[in-house]
Amino acid sequence: MFWDQESETLTRPTLEQLQLKRLQDTVQRVGQRVPFYRDKFKELGLTHGDIKSLDDMRRLPFTTGADLRTIYPDGMVAVDREEPVRLHTSSGTTGKPKAIFFSRNDVNNSAELIARSLVMTGITRKDVFQNMMSYGLFTGGLVMHYGAEKVGCLVIPAGPGTSERQLLLLQDFKSTAVHILPPSARYFASFLEQKGINPRKDISLRKAFVGAEPHSEETRRRIEQAFDCDVYNSYGLTEMNGPGVAFECEHKAGLHLWEDNFILEIINPATGEPLPEGETGEMVLTTLKREAMPIIRYRTRDITSIITEPCKCGRTHRRLNRITGRSDDMLIIRGTNIFPQQIERVLMSFPQVGRNYVIVIEGLDDMTVKVELSAAGFDGQVEHLAALQTQMVEKLKAETWVKPKVELLAPGALPVAEGKAKRVIDKRSL
Ligand code: ADP
Ligand code: ZN
């Protein structure tokens, strides 16, 4: 199951040779055409001839999200004004958007990477692909759409419509694959349950692609159960085209990052020094094929590690472990570091938990986890609720080392976000 077998299975030396060549081209191009990089290289006394091996990578400057906001709207474009054919912006979950320009080749290439990613899970032209992500500036809509079309699927640009509408499309057109955000998947799962839909009999789903936000193995298992299908983790960010940066193959054991298109580094976020392979740190990515807006050593702030063993599928592009969150999502509560995803993992391990939760921090580092129960998990018996609450507090404390308060809520009590949700309300900083 390969889309581009040759590129996907290059030997490591060939792949690294290709990376070096593309890196050299990129560095030369941005040094000539992008004042932002020209000035940075000058400051460091660097010329493109200094990049003689991949190790020389570390001599290059980082690019940060703050840099992208400073050069907003178009200060990093490396081609003539009429070359770009598309614009996307980050969804702005963490502040002002970052604008990314695509040339025609960039658009085509992003679709190629999606095609590789989908095909490695077994998607073929026979699939009906319902894209439930929002269309517009967010890459989750269009970038995924064109990739699935490239494979030859029938693509339904459903967008994030109501659950009734999604179900209608799923049933009428017998969709076999969906692309969906983790909270929307949980929400849709509880909708199916309430409607009494039997996923095995009443719908035809075989695969769900879940991504754009951190989520846990527990969430994967829940969605697989609720939809009766395989769930694959999909990772991407607007700065690097959007989806299609790293994706799980049929083995669902880590995400292959397309290393002929991106150079992957894991660094210590505090010192900026590269970490040995396998250690957990911040992912840094460099585009290798981007025409309109190449980006050098982008600090993604996403925390992960590289899986060192080769994958059974035969692809040589290395895999990432599930992204645990962004370094700036990390909460420091009474001196302890906590990622929201640790809390999600615990909550989703309780079958009584429904589709939505929120973490509130206030006062002197008091953490309250507000969590909706599912319709089935809410039997109205006060003593059951009290026992569940105690169990949750204990499990959360064991996971995070901080004892939270837990508030159990009725199904549907928390507001639902259409796009990416805000999971943490930190009133300390207000
Ligand atoms: P914004 O930065 O405004 O949220 P993006 O849509 O570009 O806009 O979001 C990209 C970010 O989403 C990534 O940097 C990462 O933090 C998160 N993300 C995307 N896919 C995944 C995934 N599969 N697992 C964990 N986090 C993810
Ligand atoms: Zn694989």
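A few points on the structure.

Cut-offs used in this document
- One numbering rule holds for all chains: residues counted from 1, following each sequence as written.
- Chains and ligands are labelled sequentially in the order written, the chains with letters from A and the ligands with numbers from 1.
- For a predicted model such as this one, the threshold for reporting local features is a pLDDT of at least 70, and the threshold for listing and counting side-chain atom pairs is 80 or more; totals across whole chains, interfaces and linings nevertheless cover every residue.
- In computing side-chain values, all of the structure's heavy atoms are included and hydrogens and water are not.
- Sites may look incomplete, because water is not among the atoms used; the donor set itself consists of N, O and S atoms within 2.8 Å of the metal (3.2 Å for Na, K and Ca).
- Key to geometry: four donors with every angle between 85 and 135 degrees are tetrahedral; four donors are square planar and six octahedral where opposite donors lie over 155 degrees apart and all remaining angles lie between 65 and 115; all other sites are irregular.
- For the purposes of this entry, the term helix denotes a DSSP run of H or I that reaches at least four residues, the term strand denotes a run of E that reaches at least two, and both are numbered from the N terminus.
- The cut-offs for exposure are 20% and 50% of the maximum accessible area for each residue type, with area from a 1.4 Å probe on protein chains only; residues under the lower value are buried, those over the upper are exposed, and the others partly exposed.
- In what follows, residue pairs with any heavy atoms lying within 4.5 Å of each other are defined as contacts.
- The definition of a polar contact used here is a pair of N or O atoms within 3.5 Å, where within protein one atom must be able to donate a hydrogen and the other to accept one, and adjacent residues in sequence count solely through side-chain atom pairs.
- Nonpolar cores were defined as sets of buried Ala, Val, Leu, Ile, Met, Phe, Trp, Tyr and Cys residues, with membership established by side-chain atoms within 4.5 Å.
- Any Phe, Tyr or Trp ring, taking Trp's six-membered ring, that has another such ring centre within 6.5 Å forms a pair; planes under 30 degrees apart are called stacked, those over 60 apart edge-to-face, and the others tilted.
- Here a helix's expected span is defined as the number of its residues, less one, multiplied by 1.5 Å.

### Observations concerning the coordination of the zinc ion (ligand 2)
Part 1 of the argument: Here the zinc ion (ligand 2) is held by Cys 249 (SG), His 256 (NE2), Cys 311 (SG) and Cys 313 (SG), and the distances to it run 2.1 to 2.4 Å.
Part 2 of the argument: Coordination at the zinc ion (ligand 2) comes from four donor atoms whose angles at the metal span 101 to 118 degrees, giving a geometry best classed as tetrahedral.
Part 3 of the argument: Linear spacing of the donor residues for the zinc ion (ligand 2) on their chain is C-x6-H-x54-C-x1-C. Taken together, the residues span a long stretch of sequence, with His 256 in strand 9 (residues 255–257) and Cys 311 in the loop between strand 13 (306–307) and strand 14 (319–320) at a distance of 55 residues. Cys 311 matches His 256 in its accessibility class, with the two residues each being buried.

### Things to note about the environment of Leu 237
Part 1 of the argument: Relative to the assigned elements, Leu 237 resides in strand 7 (residues 230–237).
Part 2 of the argument: Each residue touching Leu 237, except ones within four places of it in the same chain, is listed here: Gly 242, Val 245, Leu 285, Tyr 298 and Thr 300.

### Some remarks on the side chain of Arg 86
Part 1 of the argument: As for its position among the elements, Arg 86 is in strand 1 (residues 86–89).
Part 2 of the argument: Here the side chain of Arg 86 touches His 88 through a polar contact of 3.0 Å, side chain to side chain.

### Structural notes on the nonpolar core
Part 1 of the argument: Counting 67 residues, the largest nonpolar core has Tyr 37, Leu 60, Leu 118, Phe 129, Leu 257, Met 283 and Leu 285 as the members making the most contacts within it.
Part 2 of the argument: In terms of residues, this core owes the most to one element, helix 5 (residues 104–119), which gives six residues.
Part 3 of the argument: Leaving out residues up to four positions away in the same chain, Leu 257 has contacts with Val 245, Ala 246, Phe 262, Leu 264, Met 283, Leu 285, His 317, Arg 318 and Leu 320.
Part 4 of the argument: With 23 residues, the next largest nonpolar core counts Leu 331, Ile 343, Ile 361 and Val 406 among its residues.

### Notes on the packing of aromatic side chains
Part 1 of the argument: Throughout the structure, instances matching the rule amount to seven aromatic pairs.
Part 2 of the argument: Consider the rings of Phe 209 and Tyr 232, whose centres lie 5.7 Å apart with planes at 25 degrees: the pair is stacked. One end of the pair, Phe 209, is in strand 6 (residues 207–211); the other, Tyr 232, is in strand 7, and 23 residues separate them in sequence.
Part 3 of the argument: Residue classification places Phe 209 among the buried residues on the basis of a relative accessible area of 0%.
Part 4 of the argument: Residue classification places Tyr 232 among the buried residues on the basis of a relative accessible area of 4%.
Part 5 of the argument: Seen in terms of ring centroids, Phe 209 and Phe 247 are 5.7 Å apart; in terms of plane orientation they differ by 45 degrees. Their pairing is tilted. Of the two residues, Phe 209 sits in strand 6 while Phe 247 sits in strand 8 (residues 242–248), which places them 38 residues apart along the sequence. Each of the two residues, Phe 209 as well as Phe 247, counts as buried.
Part 6 of the argument: A connected cluster of aromatic rings, assembled from ring pairs, spans Phe 129, Phe 209, Tyr 232 and Phe 247.

### Quick word on the side chain of His 145
Part 1 of the argument: Among the secondary structure elements, His 145 is positioned in helix 6 (residues 139–151).
Part 2 of the argument: With relative accessibility at 9%, the residue His 145 sits in the buried group.
Part 3 of the argument: Among the polar contacts listed, one links the side chain of His 145 to the side chain of Tyr 135, at a separation of 2.7 Å.
Part 4 of the argument: Apart from residues lying up to four places away in sequence, His 145 is in contact with Asn 131, Tyr 135, Val 155 and Pro 157.

### Considerations on helix 8 (residues 182–195)
Because an α-helix packs 3.6 residues into every turn, residues spaced three or four apart end up facing the same way.
Part 1 of the argument: For helix 8, built from 14 residues, the straight-helix expectation of 20 Å at 1.5 Å per residue is met to within 8% by its first-to-last C-alpha distance of 20 Å.
Part 2 of the argument: Three or more residues of helix 8 are buried, namely Pro 182, Pro 183, Ala 185, Arg 186, Phe 188, Ala 189, Ser 190, Phe 191 and Leu 192.
Part 3 of the argument: Buried residues along helix 8 sit in contact with helix 7 (163–172), strand 5 (177–180), strand 6, helix 10 (217–227), helix 11 (340–348) and strand 18 (353–362).
Part 4 of the argument: Residue Gly 196 follows helix 8 closely and has a positive phi angle near 70 degrees.

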